[in-house]
Amino acid sequence: MLIDSHCHLDFDLFDDQRDALMANCLNSGVLGFLVPATTYASWSKLEMLVKKYPQWRAAYGLHPYFLQEASLSQVDLLGEQCEADRVVAVGEIGLDYWPDSVDMTLQIEFFSRQLMVAKLLKLPVILHARKSYDLVLKCLRDARFDEGGVVHAFNGSFEQAKRFLDMGFVLGIGGTISYPRAKKAHKTLSLLNPNEFVLETDSPDMPLSGFQGRINTPLSVLAIAKHVSMIRNESIEQIATQTYANLLRIFPKWYEDLL
Ligand SMILES: [Zn+2]
């Protein structure tokens, strides 16, 4: 049994194929899905879909890359939104150093305020950190945030990983490790303890090596587990068991009612 700890199955591009894809996943042993929200506009659709699919878990938040149309008043609604069904975290939130992202000062404002909401609700967070690990760590420290969570799509060094692990986070390991040139990611993954990571696809993004340009789906978590198994020299069963245990530890509200 595998779980995709980060996928955007609520995106419109899955509308036509969502039911078939879910059936396919369940038949293939991909049995759980954590779907983090991106924008305020997406919250209600996600809430509706979570009611429909019992295997879904949700996180609500404002994604740093999509802040163009966001307002701080939406953060004020986040606490209430987190009372919806099967919410296990706040996310995805963080900082995104990218040319078309909004100003970093504003990103930090959104991030810090959302951290405070998570802290108040005692919920872990799903972190999006692009070219911003140090700044994200600083925000976590400034907020005295100690609920932990997942660093989504982690691709840093082992030293950077250590600093997040020390703060109670685990790392989200995804399609990046399928690329032969991703030497740093392979090295970091090989040095982690079994209780320090979870698996994720970031569907529909982050296609695996050989599938560039295609829509990624949670089915890829099977191939990701295989890559992890080879890199760490552990069986796929071991990886599946350990990453599931990690999810339940990091997201105490997950419940074991998936099956
Ligand atoms: Zn994402």
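Please read these numbers as outputs of a predicted model, since none were measured by experiment. (Residues numbered from 1 in each chain as written. Predicted model: local features only at pLDDT ≥ 70, side-chain atom pairs only at ≥ 80, totals over all residues. Heavy atoms only, no water.)

Chemist: Hey, could you go over the UniProt feature "transmembrane region" (unreviewed entry) in the protein for me, with residue numbers and the actual values?
Modeler: The UniProt entry lists residues 20-43 under the feature "transmembrane region" (unreviewed entry), expressed in the numbering used here. In this annotation, residues 20-43 is assigned 42% helix and 29% strand; the end-to-end C-alpha distance for the span is 23 Å. (UniProt positions renumbered as here; feature names shortened; annotations may be inferred. Helix = DSSP H or I, 4+ residues; strand = E, 2+ residues; numbered from the N terminus.)

Chemist: Requested: an account of the pairing of strand 4 (residues 87-96), with residues and values cited.
Modeler: In terms of residue burial, strand 4 counts as a mostly covered element, since ten of its ten residues are buried. Inspection of the sheet shows strand 3 (residues 56-60) paired to strand 4 by three bridges, in the parallel sense. In the strand pairing of strand 4, Ala 58 is matched with Val 87. Summarising the sheet, strand 4 and strand 5 (residues 125-130) pair through six bridges and their orientation is parallel. Bridged to Ile 93 within strand 5 is Leu 127. Following the chain from strand 4 across helix 5 (residues 104-121) to the adjacent parallel strand 5, one finds a crossover that is right-handed. (Buried < 20%, exposed > 50% of the residue type's maximum accessible area, 1.4 Å probe, protein only. Pairing = 2+ DSSP bridges. Right-handed = clockwise from strand over helix to strand, strands pointing away.)

Chemist: Which residues make up unusual backbone geometry, and what values go with them?
Modeler: The omega torsion across Gly 91 and Glu 92 is 0 degrees, close enough to zero to call that bond cis. One non-glycine residue, Arg 86, adopts positive backbone phi at about 50 degrees. Phi angles above zero are rare outside glycine, and Lys 131 is one such case at about 50 degrees. Position of Lys 131 relative to the elements: it lies in the loop between strand 5 and helix 6 (133-142).

Chemist: Explain the coordination of the zinc ion to me, using residue names and the numbers behind them.
Modeler: Ligation of the zinc ion by protein atoms is provided by His 6 (NE2), His 8 (NE2), Glu 92 (OE) and Asp 202 (OD), these donors lying 2.0 to 2.7 Å from the ion. Relative to the metal, the four donor atoms surrounding the zinc ion lie at angles of 87 to 174 degrees, and the coordination shape comes out irregular. (Donors = N, O, S within 2.8 Å, 3.2 Å for Na, K, Ca; no water. Tetrahedral: all angles 85-135°; square planar, octahedral: opposite > 155°, others 65-115°.)

Chemist: Go over the pattern of salt bridges, please, and point to the residues and values.
Modeler: Following the criterion strictly, the structure yields ten salt bridges and no others. Asp 134 is the salt-bridge partner of Arg 163, the closest N and O atoms lying 3.2 Å from each other. One end of the pair, Arg 163, is in helix 7 (residues 158-166); the other, Asp 134, is in helix 6, and 29 residues separate them in sequence. Classification of Arg 163 as partly exposed rests on a relative accessible area of 37%. (Salt bridge = Lys/Arg side-chain N within 4 Å of Asp/Glu carboxyl O.)

Chemist: Explain the environment of Gly 29 residue by residue, including any values.
Modeler: If you trace the backbone, Gly 29 turns up in the loop between helix 1 (18-28) and strand 2 (30-36). Spatially, the C-alpha atom of Gly 29 lies 31 Å from that of Lys 162, the residues being 133 residues apart in sequence. Ignoring anything within four residues of it in the chain, the contact list for Gly 29 reads Met 1 and Leu 2. (Contact = heavy atoms within 4.5 Å.)

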